[in-house]
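# Residue-level structural notes
Each chain is listed here by its residues.
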Amino acid sequence: MLVAGLAQLLLHPRIMRLIHALFAPVAFLALLSASCSKSSAATEGATSQNAVAAGPVTIIADGNGFTPSEVKVAKGSDGKLRFQRKSDDTCATEVVFPELNIKKPLPLNQVVEITVPTTEAKTYAFTCGMGMFKSAVVVN
Ligand SMILES: [Cu+2]
């Protein structure tokens, strides 16, 4: 009972935000180092099976963060991404693309469209407002 109560407390969005606030500096540093060594280890492995999307890509924000957490878009495509937050039980109530200076709120159950540049092969990181839920758009 005590354990269940503790787990519930930890899953509470406010607690999650607090945890994220504590970890944000660490995540930020990780983000910096990730963007310095782009297209290395981060893009290898299981994610390599993702197909290049033909149309707008939909990214779901919920308690698990962003799904899919790595999105591939074709170079020269319109670069449109559709974000949709499907849960209040998440701190991903906004999406941030640090390199593109994009920060947009994600109202519950609303589609928020974001366009990334596709003129060059590049990886753009995106996160929740606290810099957690590290995700990326890979243009190639
Ligand atoms: Cu967060």
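Before reading on, note that the structure itself is shown above.
The present account deals with the structure reproduced in this document. (Residues numbered from 1 in each chain as written. Predicted model: local features only at pLDDT ≥ 70, side-chain atom pairs only at ≥ 80, totals over all residues.)

## Brief notes about the overall build of the protein chain
Regarding its fold elements, the protein chain presents two helices and nine strands. In the protein chain, once contacts between residues fewer than 6 apart in sequence are set aside, the share between residues at least 24 apart is 62%. (Helix = DSSP H or I, 4+ residues; strand = E, 2+ residues; numbered from the N terminus. Contact = placed C-beta atoms within 7 Å.)

## Digging into the sheet that holds strand 9 (residues 135-139)
Across a sheet, strands are paired by hydrogen bonds formed along the backbone, either parallel or antiparallel in direction. Ordered in space as 3-9-8, the three strands form an open sheet in which the pairing is mixed. Two strands bound the open sheet, and with one partner strand each, they are strand 3 (70-73) and strand 8 (122-126). Shown here is a sheet whose adjacent strand axes are inclined to one another by a mean of 20°, direction ignored. Alignment of strand 8 against strand 9, held across five bridges, turns out to be antiparallel. By the bridge assignment, Lys122 is partnered in strand 9 with Val139. (Pairing = 2+ DSSP bridges. Axes fitted to C-alpha atoms, helices over the stretch in contact; angles between N-to-C directions.)

## Considering the sheet that holds strand 1 (residues 57-62)
The mixed open sheet is built from four strands, whose spatial order is 2-1-4-7. The open sheet terminates on both sides in strands that have one partner only, identified here as strand 2 (65-67) and strand 7 (111-115). The mean angle between the axes of side-by-side strands here comes to 30°, regardless of whether they run parallel or antiparallel.

## Digging into the nonpolar core
In terms of nonpolar packing, the biggest core is built from 22 residues, with Ala92, Cys128 and Val137 touching the most fellow members. If sequence neighbours within four positions are ignored, Cys128 has contacts with Cys91, Ala92, Glu94, Val95 and Phe133. (Core = buried A, V, L, I, M, F, W, Y, C linked by C-beta atoms within 7 Å. Buried ≥ 20, exposed ≤ 12 C-beta atoms within 10 Å, placed from the backbone.)

## Topic: the environment of Leu100
As for its placement among the helices and strands, Leu100 is situated in the loop between strand 5 (94-97) and strand 6 (102-105). For the pair Leu100 and Pro117, spaced 17 residues apart in sequence, the C-alpha to C-alpha distance is 9.0 Å. Those residues in contact with Leu100 that sit more than four places away from it in its chain are Val116 and Tyr124.

## As for unusual backbone geometry
With omega at -5°, the peptide bond leading from Thr67 into Pro68 counts as cis. Following the sequence through the fold, Pro68 ends up in the loop between strand 2 and strand 3. Of note in the backbone geometry, Asn101 takes a positive phi value of approximately 55° without being a glycine. As for its position among the elements, Asn101 is in the loop between strand 5 and strand 6. Residue classification places Asn101 among the exposed positions, given that 7 C-beta atoms sit within 10 Å.

## What about the environment of Leu108?
Checked against the element boundaries, Leu108 lands in the loop between strand 6 and strand 7. Take Leu108: there are 12 C-beta atoms within 10 Å of it, and that puts it in the exposed class. Leaving out residues up to four positions away in the same chain, Leu108 has contacts with Arg85 and Asp88.

## Focus: the pairing of strand 3
What you see with strand 3 is a clean split: Val71 and Val73 sit on the buried side and Glu70 and Lys72 on the side with no burial. Of the pairings in the sheet, the one linking strand 3 to strand 9 comprises four bridges and is parallel in character. Across the sheet, Val71 pairs through a bridge with Val137, a residue of strand 9.

## As for the environment of Val71
Topologically, Val71 is positioned in strand 3. Residues Val71 and Ile59, twelve residues apart in the sequence, show an inter-C-alpha distance of 8.4 Å. Val71 has contacts with Val57, Ile59, Leu81 and Val137, leaving out every residue within four places of it along the chain.

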